[in-house]
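A look at the structure
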Amino acid sequence: MNEAPKIFTGLVGQEQARRMLAAAIGQGSPSHAYLFHGPRGVGKLEAARDFAAALCCEQGGCGVCPTCEKASRGVHPDIDVLEPVGSFITVDQVREINRDLSLRPHESQARVFIIRGAGRFNAESANAFLKSLEEPPPFVYFLLLARGLDRILPTIISRCQPVRFSAAPPEAIEAFLLERFQVSSVVAQAYARVSRGDLGLAQALCTDPDLRDRRDRYLKIGENLGRAAWEGGASQMTADIILASSQAGEIAEQEDETIPEGFFSAPKKRRDQDAHRRAGQAQKRELNLALDILEMWFRDMMAMAAGAGDTILNRDYELELENLALSSKVDNYRRALEAIEATRAKLSYNVDLELALQAMFHQLREVL
Ligand SMILES: [Zn+2]
């Protein structure tokens, strides 16, 4: 097989994973099951899609043939992506895979099943899956994806080749953003730094004006907290964040079903549960984003005040930081960081969101 020149172009800062997967294709002896594990946003799904294309393509992932082209658009009939329905990968989903296994590939040399959320098999579905995982037909490949190994059953781990993905270094993300998007070097550096290894977030900052707008609003809250007259006060700031969080939930709830019709389709009730769960997750993510951004703001204020301006994350806010940060207040900024951190911990215990945020803003106001 030829080298794979075009695939894995979207993989940023994952040299170890890239080498391992390219070698498996190049040597023509890929394993039948891989477990891609690593944090959110580092490109596991993109890598799985590329690797699946390489397995199906007769040239090992040339990037230009109809197989590669369909795979990259996510419409290749020999590549299926499975997601948990509700909280679990269900036994019905696994039975559907098992039924499908005996069929020859539709149009390529392989059948690839990409399984997201591999930590979410339950006892019954894991049991039904293990036999297929152990002895799949020669043309079948399983690519399992998970954030961490801790929630995956040892019986599943032991049957897979693990491929580790890690948070991408900011320099790699910065270079990628500069090459891919129309952004200035300051902006590329800012997005690379504030996304802290989450390539998905860095890319979204380049492409999603609404996300940029929310980031600006959360940074504005940080700015206003340090000013003598604070605009709107704690109630307004709290309301802003709660509104953004519930909007994120609504969008996620209405998102199109990611599971294609027919294959792996789920009954209506389960889809509703799934939509509800997605909404809850999106709300939590938005809330965390708001707290992350506030935290990074005060981290930058502290760095600027301490004379370490070159280490700030929000590079595109350098001027604002420079104007606002006072060297006499390094300790105040540190206490602000502690207040945000304490609120984050509190929120993981299902406390009243509105009260917790209001209390945080009052406390920030006090320490600043
Ligand atoms: Zn190809």
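Only a predicted model underlies this, so the values are computations on that prediction, with no experimental measurement involved. (Residues numbered from 1 in each chain as written. Predicted model: local features only at pLDDT ≥ 70, side-chain atom pairs only at ≥ 80, totals over all residues.)

Next up on the list: the overall build of the protein chain. Regarding its fold elements, the protein chain presents 15 helices and five strands. The C-alpha atoms of the protein chain give 23 Å as radius of gyration, which agrees with the globular expectation for 368 residues (21 Å, within 12%). Taken along the three principal axes of its C-alpha coordinates, the protein chain extends 70 × 45 × 35 Å. For the protein chain, with 368 residues in total, the buried portion stands at 38%. Sequence separation of 24 or more characterises 74% of the internal contacts of the protein chain that already satisfy a separation of 6 or more. (Helix = DSSP H or I, 4+ residues; strand = E, 2+ residues; numbered from the N terminus. Rg over C-alpha atoms; globule rule 2.2 N^0.38 Å. Buried ≥ 20, exposed ≤ 12 C-beta atoms within 10 Å, placed from the backbone. Contact = placed C-beta atoms within 7 Å.)

We now examine the environment of Glu295. Structurally, Glu295 can be placed in helix α12 (residues 268-305). Note: C-alpha distance between Glu295 and Gly74 (221 residues apart in sequence) is 37 Å. Glu295 has contacts with Leu337 and Ile340, leaving out every residue within four places of it along the chain.

Attention shifts here to the domain arrangement of the protein chain. Interface size is often expressed as the accessible area that is lost when the parts come together. Looking at the assigned domains, one finds that the protein chain contains domain 1 (15-164) and domain 2 (208-367). Summarising the inter-unit geometry, the C-alpha centres of domain 1 and domain 2 are found 34 Å apart. (Domains from an automatic or database assignment.)

Across soluble globular proteins, nonpolar side chains show a tendency to be buried alongside one another. Ranked by size, the top nonpolar core spans 95 residues in total, and within it Phe36, Ala52, Ile114, Leu143 and Leu144 carry the most contacts. Here the element with the most residues in this core is α12; it accounts for twelve residues. For this core, the domains that each give at least three residues are domain 1 (15-164) and domain 2 (208-367). Sequence-distant contacts of Ala52, defined by excluding residues within four places in its chain, comprise Ala71, Ile79, Val112, Ile114 and Leu143. (Core = buried A, V, L, I, M, F, W, Y, C linked by C-beta atoms within 7 Å.)

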